[in-house]
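# Chain and residue survey
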Amino acid sequence: KNEVEQSPQNLTAQEGEFITINCSYSVGISALHWLQQHPGGGIVSLFMLSSGKKKHGRLIATINIQEKHSSLHITASHPRDSAVYICAVIYSGGATNKLIFGTGTLLAVQP
Amino acid sequence: NAGVTQTPKFRILKIGQSMTLQCTQDMNHNYMYWYRQDPGMGLKLIYYSVGAGITDKGEVPNGYNVSRSTTEDFPLRLELAAPSQTSVYFCASSRIIPGQGRANYGYTFGSGTRLTVV
C-alpha cells in the first residue's frame with residue numbers, strides 16, 4: 001500500500017463544474033503539498049499546508065491532520081485547469097525533508 | 001527570477017554511455033533533491049543534499065552519483081546508462097532554517113529532463 005493515496009486517479013469534468021481531489025496518507029508529516037503538472041511540463045507547487053485551509057483564486061486546499069486527509073477543490077473549473085494534480089507529503093520521520101508523492105490525479109476539463 | 005534551472009530538457013543516450021544532468025538554483029536554498037518520475041508511479045527520491053559538501057542517498061540511488069561543491073549547483077551523474085534509467089528527472093530545492101521547525105518548507109521544482117536510454 002502506498003504511503004500517499006489519491007482519488008480519483010482520473011477525472012473528467014465539464015467546464016464550470018466544482019471539482020474535488022482527495023489525498024490520504026499513512027505517515028507522520030510536517031506539511032503537505034498540492035502540485036500541478038501540465039502534460040510534458042514541469043511541476044508547480046500550488047499550496048503547502050500544515051493545518052486548516054488555504055485559498056488561491058479558484059483553488060482551495062484543506063487538510064485534517066487528525067484524519068490524515070487533504071482535499072483540493074477547484075471551483076468554476078476551466079479547460080486550462082486540465083493537468084495532473086499531485087499530493088505530496090513532507091515526511092517528518094527523518095532529516096531529509098523529503099517529499100513522498102502520490103501517483104497523481106489526471107484531470108480533464110471539457111469545454 | 002530563474003528559480004531552479006535544469007539542463008538539458010531532452011536527451012537520448014545509448015546503453016553504457018554516461019552523462020551529467022545539470023541543476024542550478026539562485027534562491028540560496030540549502031536543500032536540494034533529485035527525483036525521477038516513471039509512468040504511473042509517484043516521484044522517487046534519488047539523492048539529496050542538505051548543503052554544500054553534504055550529499056546522501058534517497059530511495060533509488062543505484063546507477064547515479066551526485067556532488068554539491070557549491071550551494072547553487074547539484075549535478076546528477078549517470079555513469080553507465082541502462083534502459084531502466086529511462087525516466088523524467090526533476091531537480092528541486094527548498095530552504096530549511098535549522099531550529100525553526102516547520103518554517104520554509106516550500107519546494108521549487110525545475111522543469112524536468114526527459115531521458116531515454118536505448
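Remember, it's a predicted structure, so these values are computed and weren't measured experimentally.

## Some points on the state of the cysteines
Enumeration over the complete set of coordinates arrives at two disulfides over all chains. The disulfide partner of Cys-23 of chain A is Cys-87 of chain A, and the gap between their sulfur atoms is 2.0 Å. Taking the torsion about the S-S bond as the criterion, the Cys-23 of chain A to Cys-87 of chain A disulfide, at about -60°, is left-handed. In this pair, Cys-23 of chain A is assigned in strand 3 (residues 19–25) and Cys-87 of chain A in strand 9 (residues 83–91), connecting sequence segments 64 residues apart. A relative accessible area of 0% places Cys-23 of chain A in the buried class. Across the disulfide, Cys-23 of chain B is cross-linked to Cys-91 of chain B (sulfur-sulfur distance 1.8 Å). Given an S-S torsion of about -70°, the disulfide between Cys-23 of chain B and Cys-91 of chain B has left-handed geometry. Of this pair, Cys-23 of chain B sits in strand 3 (residues 19–25) while Cys-91 of chain B sits in strand 9 (residues 87–94); the two residues are 68 residues apart in sequence, bridging distant segments of the chain. When sorted by exposure, Cys-23 of chain B lands in the same class as Cys-91 of chain B, which is buried.

## Some points on the sheet that holds strand 8 (residues 76–78) of chain B
Residues and elements named next belong to chain B. If you trace the four strands from one edge of the open sheet to the other, you get 1-3-8-7, paired in antiparallel fashion. Taken across any chain shown, the strands that pair with only one partner, and hence form the sheet edges, are strand 1 (4–7) and strand 7 (64–66). Taking the axes of each pair of neighbouring strands and ignoring which way they run, one obtains an average angle of 20° across the sheet. Alignment of strand 1 against strand 3, held across four bridges, turns out to be antiparallel. Residue pairing in the sheet places Gln-6 in a bridge with Cys-23 of strand 3.

## Points about unusual backbone geometry
Of note, the amide linkage connecting Ser-7 of chain A to Pro-8 of chain A takes the cis form, showing an omega dihedral of -5°. Positionally, Pro-8 of chain A belongs in the loop between strand 1 (4–7) and strand 2 (10–14). A cis amide bond links Thr-7 of chain B with the next residue in sequence, Pro-8 of chain B, at an omega value of -5°. The residue Pro-8 of chain B is located in the loop between strand 1 and strand 2 (10–13) in this model. For Asn-28 of chain B, which is not glycine, the phi torsion reads 60° and is therefore positive.

## Some details on the packing of aromatic side chains
All names here are of chain B. Following the criterion strictly, the structure yields seven aromatic pairs over all chains and no others. Centre to centre, the rings of Tyr-33 and Tyr-107 are 5.0 Å apart; their planes meet at 25°, and the pair counts as stacked. Residue Tyr-33 is located in strand 4 (residues 31–37), and its partner Tyr-107 is located in strand 10 (residues 107–109); the two are separated by 74 residues in the primary sequence. Each member of the pair, Tyr-33 together with Tyr-107, is buried. With centroids separated by 5.8 Å and ring planes inclined at 65°, the aromatic side chains of Tyr-64 and Tyr-89 adopt a geometry described as edge-to-face.

## A short note on the pattern of salt bridges
All names here are of chain A. Following the criterion strictly, the structure yields three salt bridges over all chains and no others. For Arg-58, the salt bridge goes to Asp-81, with nearest N and O atoms at 2.8 Å. Here Asp-81 lies in the loop between strand 8 (69–74) and strand 9 and Arg-58 lies in the loop between strand 6 (52–56) and strand 7 (59–64), a separation of 23 residues in the sequence.

## Describing the sheet that holds strand 3 of chain A
Residues and elements named next belong to chain A. Within the open sheet, the five strands sit side by side as 1-3-8-7-6. Their pairing is antiparallel. Each edge of the open sheet is held by one strand with a lone partner, namely strand 1 and strand 6. Across this sheet, the average inter-strand angle for adjacent strands is 15°, counted without regard to direction. Where strand 6 and strand 7 come together, five bridges link them in antiparallel fashion. Looking at the pairing, Gly-52 lines up with Ile-63 of strand 7.

## Details of the confidence of the model for chain A
Averaged over every residue, the pLDDT of chain A is 92; the share at 70 or more is 96%. Mean pLDDT values over the elements of chain A span from 88, in strand 10 (residues 99–101) of chain A, up to 98, in strand 8 of chain A.

Scoring rules and cut-offs
Residues numbered from 1 in each chain as written. Chains lettered and ligands numbered in written order. Predicted model: local features only at pLDDT ≥ 70, side-chain atom pairs only at ≥ 80, totals over all residues. Heavy atoms only, no water. Disulfide = S-S within 2.5 Å. Helix = DSSP H or I, 4+ residues; strand = E, 2+ residues; numbered from the N terminus. Buried < 20%, exposed > 50% of the residue type's maximum accessible area, 1.4 Å probe, protein only. Pairing = 2+ DSSP bridges. Axes fitted to C-alpha atoms, helices over the stretch in contact; angles between N-to-C directions. Phe/Tyr/Trp six-rings, centres within 6.5 Å; stacked < 30°, edge-to-face > 60°. Salt bridge = Lys/Arg side-chain N within 4 Å of Asp/Glu carboxyl O. pLDDT = per-residue confidence, 0-100.

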